[in-house]
Amino acid sequence: MANYFTGNKEYFPEIKKIAYEGPKSKNPMAFKYYDAEKSIAGKKMRDHLRFAIAYWHSFCGDGADPFGAATHIFPWNSSGDPVQNAINKADAAFEFISKIGAPYYAWHDRDIAPEGKDADDSAKILEKITDELKKRQDATGVKLLWGTANVFSNPRFMNGAATNPDFAVVAHAANQIQHAIDGTIKLGGEGYTFWGGREGYMSILNTDMKREKEHLAMILSISRDYARSKGFKGCFYIEPKPMEPTKHQYDFDSETVIGFLRAHGLDKDFKLNIEANHAELAGHDFVHELSVCVDNDMLGSVDANRGEPRNGWDTDQFPSSVYETTLAMCQILRMGGFKTGGLNFDAKIRRNSVDAEDLFIAHIGGMDTFAFGLEKAAAIAADGRLPDLLKKRYSSFDSGDGAKFEKGGFKLNELAALAKDYGKTGWTSGKQELYENILQEILLS
Ligand code: XLS
Ligand code: NI
Ligand code: NI
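Residues numbered from 1 in each chain as written. Chains lettered and ligands numbered in written order. Predicted model: local features only at pLDDT ≥ 70, side-chain atom pairs only at ≥ 80, totals over all residues. Heavy atoms only, no water.

(A) Local environment of the coordination of the nickel ion (ligand 2). Around the nickel ion (ligand 2), the donor atoms from the protein are Glu239 (OE), Glu275 (OE), Asp303 (OD) and Asp346 (OD), and they sit 2.0 to 2.1 Å away. The coordination sphere of the nickel ion (ligand 2) comprises six donor atoms, whose angles at the metal cover 82 to 174 degrees; the geometry is octahedral. Donor residues for the nickel ion (ligand 2) sit on one chain with the sequence pattern E-x35-E-x27-D-x42-D. Here the nickel ion (ligand 3) and the nickel ion (ligand 2) are spaced 3.8 Å from one another, each receiving a donor from glutamate 275. (Donors = N, O, S within 2.8 Å, 3.2 Å for Na, K, Ca; no water. Tetrahedral: all angles 85-135°; square planar, octahedral: opposite > 155°, others 65-115°.)

(B) Structural context of the site of ligand 1. Close contacts around ligand 1 come from Trp56, His108, Trp195, Glu239, Lys241, Glu275, His278, Asp303, Asp314 and Asp346, and that covers them all. Glutamate 239 is positioned with one of its side-chain polar atoms (N or O) 2.6 Å from an oxygen atom of ligand 1. Glutamate 275 is positioned such that a nitrogen or oxygen atom in its side chain is 2.7 Å from an oxygen atom of ligand 1. Relative to its unbound accessible surface of 290 Å², ligand 1 loses 93% to contact with the protein. Of the residues that constitute the shell around ligand 1, the class distribution is two nonpolar, two polar and six charged. (Near = heavy atom within 4 Å. Polar contact = N/O pair within 3.5 Å; in protein donor to acceptor, adjacent residues only side chain to side chain. Areas by Shrake-Rupley, 256 points an atom, 1.4 Å probe, with all protein chains shown as cover. Nonpolar A, V, L, I, M, F, W, Y, C, P; charged D, E, K, R; others polar.)

(C) Spotlight on the coordination of the nickel ion (ligand 3). Looking at the metal site, the nickel ion (ligand 3) is ligated by Glu275 (OE), His278 (NE2) and Asp314 (OD), spaced 2.1 to 2.2 Å from it. One chain supplies every donor for the nickel ion (ligand 3), spaced along it as E-x2-H-x35-D. Relative accessible area serves as the criterion here: at 3%, histidine 278 is assigned to the buried category. (Buried < 20%, exposed > 50% of the residue type's maximum accessible area, 1.4 Å probe, protein only.)

(D) The arrangement of the layout of surface pockets in detail. Roughly 1,000 Å³ of volume is contained in the second largest pocket. In terms of lining residues, the second largest pocket is bounded by 25 residues, among which Val287, Leu327, Cys330, Gln331 and Leu390 are the most central. Breaking the lining of the second largest pocket down by element, the ones donating at least two residues are helix H10 (286-295), helix H11 (322-334), helix H12 (356-383), helix H13 (385-393) and helix H16 (432-444). Looking at which element gives the most residues to the lining of the second largest pocket, the answer is H11, with eight residues. Of the residues in the lining of the second largest pocket, the class split is 16 nonpolar, four polar and five charged. (1 Å grid on protein atoms, 1.4 Å probe; cavity = no way out; pocket = protein on both sides within 12 Å on 5 of 7 lines; lining within 4 Å. Points joined across faces, edges and corners; volume = space filled by probe spheres on them. Helix = DSSP H or I, 4+ residues; strand = E, 2+ residues; numbered from the N terminus.)

(E) Representation of the pairing of strand E8 (residues 191-195) in the model. Along E8, four of the five residues are buried, which leaves the element largely enclosed by surrounding structure. Strand direction decides the pairing type here: strand E7 (residues 143-148) and E8, joined by two bridges, are parallel. Each bridged residue has a counterpart across the sheet, and for tryptophan 146 the counterpart in E8 is glycine 191. Remark: the E7/helix H6 (residues 167-186)/E8 crossover connection has right-handed handedness. Two strands pair when backbone bridges link them, and E8 and strand E10 (residues 235-239) are joined in this way by five bridges, in the parallel orientation. From the neighbouring strand, phenylalanine 194 faces E10, where its bridge partner is isoleucine 238. (Pairing = 2+ DSSP bridges. Right-handed = clockwise from strand over helix to strand, strands pointing away.)

(F) Molecular detail of the packing of H6 against helix H7 (residues 209-229). Between H6 and H7, whose axes approach to 10 Å, the crossing angle comes to 35 degrees. For the pair H6 and H7, the crossing hand works out as right-handed. From H6, Val170, Ala174, Ile177, Gln178, Ile181, Asp182 and Ile185 reach across to H7, where they touch Ile219, Ser223, Tyr226 and Ala227. When its residues are assigned to classes, the contact of H6 with H7 shows eight nonpolar, two polar and one charged. (Axes fitted to C-alpha atoms, helices over the stretch in contact; angles between N-to-C directions. Left-handed = near helix turned anticlockwise from the far one by under 90°. Contact = heavy atoms within 4.5 Å.)

(G) Examining the pattern of salt bridges more closely. By the definition in use, this model includes 28 salt bridges. For glutamate 10, the salt bridge goes to lysine 99, with nearest N and O atoms at 2.9 Å. On the criterion of sequence distance, the pair formed by glutamate 10 in the segment before strand E1 (19-20) and lysine 99 in helix H3 (residues 82-100) is long-range, its members being 89 residues apart. Judged by relative accessible area, which is 0%, lysine 99 ranks as buried. Between glutamate 244 and lysine 241 there is a salt bridge; the shortest N-O distance is 3.1 Å. Given a relative accessible area of 5%, lysine 241 falls into the buried group. Salt bridges here are not isolated pairs; linked through shared partners, they connect Asp91, Glu132, Lys135 and Arg136. (Salt bridge = Lys/Arg side-chain N within 4 Å of Asp/Glu carboxyl O.)

(H) Structural context of the packing of aromatic side chains. Going through the model one piece at a time under the given rule, you end up with 24 aromatic pairs. Arranged with centres 5.3 Å apart and planes meeting at 70 degrees, the rings of tyrosine 55 and phenylalanine 59 form a pair that is edge-to-face. Placement of the pair is tyrosine 55 and phenylalanine 59 together in helix H2 (residues 55-60), with a separation of four residues, close to one helical turn. For phenylalanine 59, a relative accessible area of 0% corresponds to the buried category. On the basis of an interplanar angle of 70 degrees and a centroid distance of 5.1 Å, the ring pair of tyrosine 192 and phenylalanine 194 is categorised as edge-to-face. The exposure class of tyrosine 192 is buried, given its relative accessible area of 2%. By relative accessible area, phenylalanine 194 is classed as buried at 10%. The side chain of arginine 156 reaches across the aromatic face of phenylalanine 157, ending 5.8 Å from its centre. (Phe/Tyr/Trp six-rings, centres within 6.5 Å; stacked < 30°, edge-to-face > 60°. Lys NZ or Arg CZ within 6 Å of the ring centre and 35° of its normal.)

Bear in mind that shape data such as this cannot, by itself, settle questions of function.
Right, dumping it as structure tokens:
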């Protein structure tokens, strides 16, 4: 067997490397749109999209929910020894990632390695497993998009990690973060993510919000300083989410996080990791969150998934709306493409998707949906009508008094004096339907 498999067992023996067969193919195990080598606007699809596989959903999430036990029974979990299981899981993961053809993966410390009997023991196990992952990265060429610490699952974090009112827990969080950063650096990770986890509150009555947020900023600052002192050159990401598991998460949405980073002098090292489903929970469109980040030069990476608009929680489904992915790719092209980030499938197959091939089918769909979105986003730029309409809409600021206003050339009374000269103004169509029709036309062409 080629590179797909680095241990002594093949976990997906019936499945070969997924190939591109084109839009006419009816083969469920082939790409219809994702052609890694194809050049779009001067860059290969692979380099535009930078797909990553999320270790937690794909190799750890077992389908259990509050109403029932696990339905995904993973063969790599059967040795009886948690450390051996983690090594087997690494084999399965690298076989999957290679066969699906994703250049990257992402993890939490606790996805890749089990917790030991104390902090030191956990750190040792993590070191051993990151050594194993390094061998597999070298053998397959798969790279680490980002690492992170799971400082929300262990019951000790029930009141938060960096924002825990108990200092001893904050130290535990720091311990995990330090080792997760070490592992990320060892594996050449291009980014390091902080998703808030339980950094938020359930009741204002027992919460000193100001103090908790200051503690969060302190942990982010000293984590940054530590990683930089160890030679980490990558980007740090904050992943906004408005709620779940806490009622009010501190990293509510992009605007909130950007303000927070600026307030604490963190905006030079940190960017945002935008998740589609989190945007929806915040009452925003995915493209809104991306656009806010791009406007502020703060888009780092993307957790590619989708929500269920009629549910109020993070359903983490695989992307399937070409409308959403096209608008998303327009923003990613607008910023000139990813630098350290990529499209990480923070998405899970449904509880009742229990065949081994389902994990492949889900990723094939997600990758095709984004590849299609990329093609269409490039087509929108090449077609030019939508960007032109947008430019024209603001053209009164491109010259004359409008341009003078943008440069700060008017005091309020001077600007106010111009009102009388303009007569009946404002009767300009917003042309929303025209924009929508052009978008639709390009999507369907
Ligand atoms: C949870 C988050 C989480 C982060 C990584 O809702 O999406 O999976 O991406 O901690
Ligand atoms: Ni996420
Ligand atoms: Ni999420």
